[in-house]
Amino acid sequence: MTGKIMKFKVIDLKPDIEFKRDLEKLSGASLSTCMQCGTCSVVCNLSPEEKPFPRKEMVYAGWGMKEKLIGNPDVWLCHQCGDCSTHCPRGVDPADVIAAVRLLTYRQYAVPRFMGKMVSRPSMLPVAILLPVIIITAIIFMAGTLEIPDGPVNYSKFFPHAWLNGSFTLLTLLSYGIASIGLARFWKDISMQYHADPGFKKGFFRSLWKVKNEILTHSRFSKCEQNRSRKISHFLVFYGFILLLLVTIYAIYAAVTGRYPLALTNPFKILGNLSSFMLLAGLGMMLFSRIKGGEELKRSTYPDWQLIVALLFLTISGVIIEAARFLDWSMAYYMYFFHLVCVWFVIIYLPYTKFGHIIYRTVAMTFAFSVGRNQGFSEDQEQHAVQKPILSSH
Ligand code: SF4
Ligand code: SF4
């Protein structure tokens, strides 16, 4: 002994047992059975060579290291194909564990927090339904039209277009505006998880521009070996929804300029019907893959079902209210009200539901691209070989 005092780096481990329990409950996985063999990372076609996932995430999960998982962009590079779960020798199901982390992530960053809890918990479903029912009723009441109108079906007599478009646009902007505070925190946290080479870092907008190709082509889905058909169903739902949004924006414009309702032969009406067909086809494929059982059914969580059912109800009720207007169906206004509640669930609740993946995944992928952690991205593959950042050890 020389008398020198040896200094060791103290690793700041903060196990969060509650978080670990939540992960196990949501994923159904027994985290302590993971033997950290790394097979999951080896078989994952989307994982970078440097600091691959999901093995390290399984280590963090096993230790309940919440701060290493929430705000971890790698969690969002996973597309839940299930290849890792299929090959896991201990049947731990890392794909579901990573999915549970994603769920807890957008619950964590939800602003206001109660919205995240209300929308993502089955026990809170009645409250999540009651909120839009009360607010929509109150708006129609304020418009002075809270009764079933006489005569041919005319939805604007029940909910005047100005009130409908004004209130829903305002509420959507409010929801997204407040939710963006959480997204800014998410960006800050994922930035802190990485020590990227400053010389490598690319700008946000440049990275976002590159990432858009991944999102528009769904190319990362093609790299999964299991469940390849998920790409088609996701593709149909994604583009069906985008088309529906565009048609809705045009419908608002048509209402403002007095051109509403649209004739059946109007190109936007045709596009609207096409988007309904795409949504129904995509959702039908998703439902079928679950109903036939197997891994997809086992892997489905409440947020998965909630999104599928909400989109399905939205699309079907949209088709019914359109038919009800032409057929002068007496129940049309009740169905219209139901449709508005579905619109609320899908559009206004978007940042708090599984649909929020669109935003969180885009942000995480943009970050990954900006720091060069873009293996598996169809563009700039060569950049990956240049310089790669490392995860911080804290
Ligand atoms: S989750 Fe499974 S495959 Fe991955 S490290 Fe643990 S035991 Fe191995
Ligand atoms: S689910 Fe698929 S993408 Fe996600 S970690 Fe496992 S193998 Fe990789």
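Residue indices begin from 1 for each chain and proceed along its sequence in written order. The order in which chains are written sets their letters, starting at A; the order in which ligands are written sets their numbers, starting at 1. Totals for whole chains, interfaces and linings use all residues, but because this is a predicted model, local features are given only for residues with pLDDT of at least 70 and pairs of side-chain atoms are given and counted only at 80 or more.

1. Some remarks on the overall build of the protein
Part 1 of the argument: Put simply, DSSP H or I for four residues or longer makes a helix, DSSP E for two residues or longer makes a strand, and each gets a number counted from the N terminus. Helix and strand counts for the protein come out as 19 helices and two strands.
Part 2 of the argument: Burial in this document is a count-based property: other C-beta atoms within 10 Å of a residue's C-beta are tallied, and the residue is buried at 20 or more, exposed at 12 or fewer, or partly exposed in between, with C-beta positions derived from the backbone. When each of the 394 residues of the protein is scored for burial, the buried share is 37%.

2. Notes on the site of ligand 2
Part 1 of the argument: In this analysis, residues qualify as near a molecule or strand once their C-beta atom, positioned from backbone atoms, comes within 6 Å of it. Near ligand 2, the surroundings consist of 16 residues, among which Cys44, Cys78, Cys81, Cys84 and Ala95 are the closest.
Part 2 of the argument: Secondary structure elements with two or more residues in the shell around ligand 2: helix 6 (83-87) and helix 7 (94-108).
Part 3 of the argument: The leading source of residues in the shell around ligand 2 is helix 7, at three residues.
Part 4 of the argument: When its residues are assigned to classes, the shell around ligand 2 shows 11 nonpolar, four polar and one charged. For this classification, the nonpolar set comprises Ala, Val, Leu, Ile, Met, Phe, Trp, Tyr, Cys and Pro, the charged set comprises Asp, Glu, Lys and Arg, and every other residue, Gly included, is treated as polar.

3. Let's talk about the site of ligand 1
Part 1 of the argument: Lining the immediate surroundings of ligand 1 are 14 residues, of which Cys34, Cys37, Thr39, Cys40 and Cys88 lie closest.
Part 2 of the argument: Contributions of two or more residues to the shell around ligand 1 are made by helix 2 (39-43) and helix 3 (55-62).
Part 3 of the argument: Class assignment of the residues belonging to the shell around ligand 1 gives a composition of nine nonpolar, three polar and two charged.

4. Structural notes on the packing of helix 7 against helix 8 (residues 113-120)
Part 1 of the argument: In contact at an axis separation of 8 Å, helix 7 and helix 8 are set at 140° when each is read in the N-to-C sense. What the angle tells us is that helix 7 and helix 8 run oblique. Here helix 7 contributes Leu103, Tyr106 and Arg107 to the contact with helix 8, which in turn contributes Gly116, Lys117 and Ser120.
Part 2 of the argument: Residues belonging to the contact of helix 7 with helix 8 are distributed by class as follows: two nonpolar, two polar and two charged. An axis is simply a line fitted to the C-alpha atoms; with a helix, the fit covers only the stretch in contact. Between two such axes, the angle follows the N-to-C directions and lies from 0 to 180 degrees. The scheme is simple: roughly parallel for angles under 35 degrees, roughly antiparallel for over 145, roughly perpendicular for 65 to 115, oblique for anything else. Contact definition: two residues whose C-beta atoms, as placed from backbone geometry, lie within 7 Å.

5. A look at unusual backbone geometry
Part 1 of the argument: Cis geometry is found at the peptide bond from Phe53 to Pro54, where omega equals 5°.
Part 2 of the argument: Mapped onto the secondary structure, Pro54 falls in the loop between helix 2 and helix 3.
Part 3 of the argument: Pro112 follows Val111 through a cis peptide bond whose omega is -5°.
Part 4 of the argument: You can see Pro112 is positioned in the loop between helix 7 and helix 8.
Part 5 of the argument: Notably, Gln36 is not glycine yet its phi reads approximately 55°, a positive angle.
Part 6 of the argument: If you trace the backbone, Gln36 turns up in the loop between helix 1 (17-27) and helix 2.
Part 7 of the argument: The backbone of Lys51 shows a phi angle near 50°, a positive value even though the residue is not glycine.
Part 8 of the argument: Along the polypeptide, Lys51 turns up in the loop between helix 2 and helix 3.
Part 9 of the argument: Its 16 C-beta neighbours within 10 Å are what place Lys51 among the partly exposed residues.

6. Quick word on helix 17 (residues 332-348)
Part 1 of the argument: Helix span is expected to be 1.5 Å times the residue number reduced by one. A rise of 1.5 Å per residue sets the reference length of helix 17, with its 17 residues, at 24 Å; its end C-alpha atoms lie 23 Å apart and thus fit the reference within 8%.
Part 2 of the argument: As for helix 17, its buried residues are in contact with helix 9 (125-143), helix 10 (155-158), helix 11 (161-193) and helix 16 (302-327).

7. Let's talk about helix 9
Part 1 of the argument: In this model helix 9 runs 28 Å from its N-terminal to its C-terminal C-alpha over 19 residues, within 8% of the 27 Å that 1.5 Å per residue would give.
Part 2 of the argument: The set of residues buried in helix 9 consists of Ala128, Ile136, Ile139 and Ile140. Considered in projection along helix 9, the buried side chains sweep an arc of 100° and stay on one side of the axis. Turned more than 90 degrees away from the buried face of helix 9, the exposed residues are Pro126, Leu130, Ile134, Thr137, Ala138, Phe141 and Met142.
Part 3 of the argument: Contacts from the buried residues of helix 9 go to helix 8, helix 11 and helix 17.
Part 4 of the argument: Two residues or fewer after helix 9 comes Gly144, characterised by a positive phi angle close to 80°. As used here, the arc belongs to the directions running from the helix axis to the C-beta atoms.

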